[in-house]
Amino acid sequence: MSWGPCFLYYRCPQCSKKFKYATDLIPVFGDDFGKCPVCSAMGILEKEGARTPDDLDYTEVE
């Protein structure tokens, strides 16, 4: 059984945006992985794992 993609869920310390990155995109984003898509500040990791009940509160960075 597969749980689907795993995500790292972040909150931006500057603009408070909630966003998530799929872990399989680490090689694609490199050093920019975990940065806010709005203001480019490094996000604060809140949790990680498969989709959570509040998943829709987080914008997926692609």
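Residues numbered from 1 in each chain as written. Predicted model: local features only at pLDDT ≥ 70, side-chain atom pairs only at ≥ 80, totals over all residues. Heavy atoms only, no water.

Counted by the stated rule, this structure contains five salt bridges. A salt bridge links arginine 11 to glutamate 46; the nearest nitrogen and oxygen atoms lie 3.1 Å apart. Separated by 35 residues along the polypeptide, arginine 11 in strand E1 (residues 7-11) and glutamate 46 in strand E3 (residues 44-49) bring together distant segments of the chain. Judged by its relative accessible area of 35%, glutamate 46 falls in the partly exposed class. Close ionic contact of aspartate 54 with lysine 47 constitutes a salt bridge, the shortest N to O distance being 2.6 Å. Under the relative-accessibility criterion, aspartate 54 is labelled partly exposed at 24%. For lysine 47, a relative accessible area of 26% corresponds to the partly exposed category. Each of Lys20, Arg51 and Asp55 takes part in salt bridges that share partners, so that together they form one network. (Salt bridge = Lys/Arg side-chain N within 4 Å of Asp/Glu carboxyl O. Helix = DSSP H or I, 4+ residues; strand = E, 2+ residues; numbered from the N terminus. Buried < 20%, exposed > 50% of the residue type's maximum accessible area, 1.4 Å probe, protein only.)

Looking now at the sheet that holds E3. Taken in spatial order, the four strands make up an open sheet running E3-E1-E2-E4, and their pairing is mixed. Every other strand in the sheet has two partners, leaving E3 and strand E4 (59-60) as the edge strands with one partner each. In terms of strand pairing, E1 meets E3 through five bridges, oriented antiparallel. Bridging from a neighbouring strand, arginine 11 pairs with isoleucine 44 of E3. (Pairing = 2+ DSSP bridges.)

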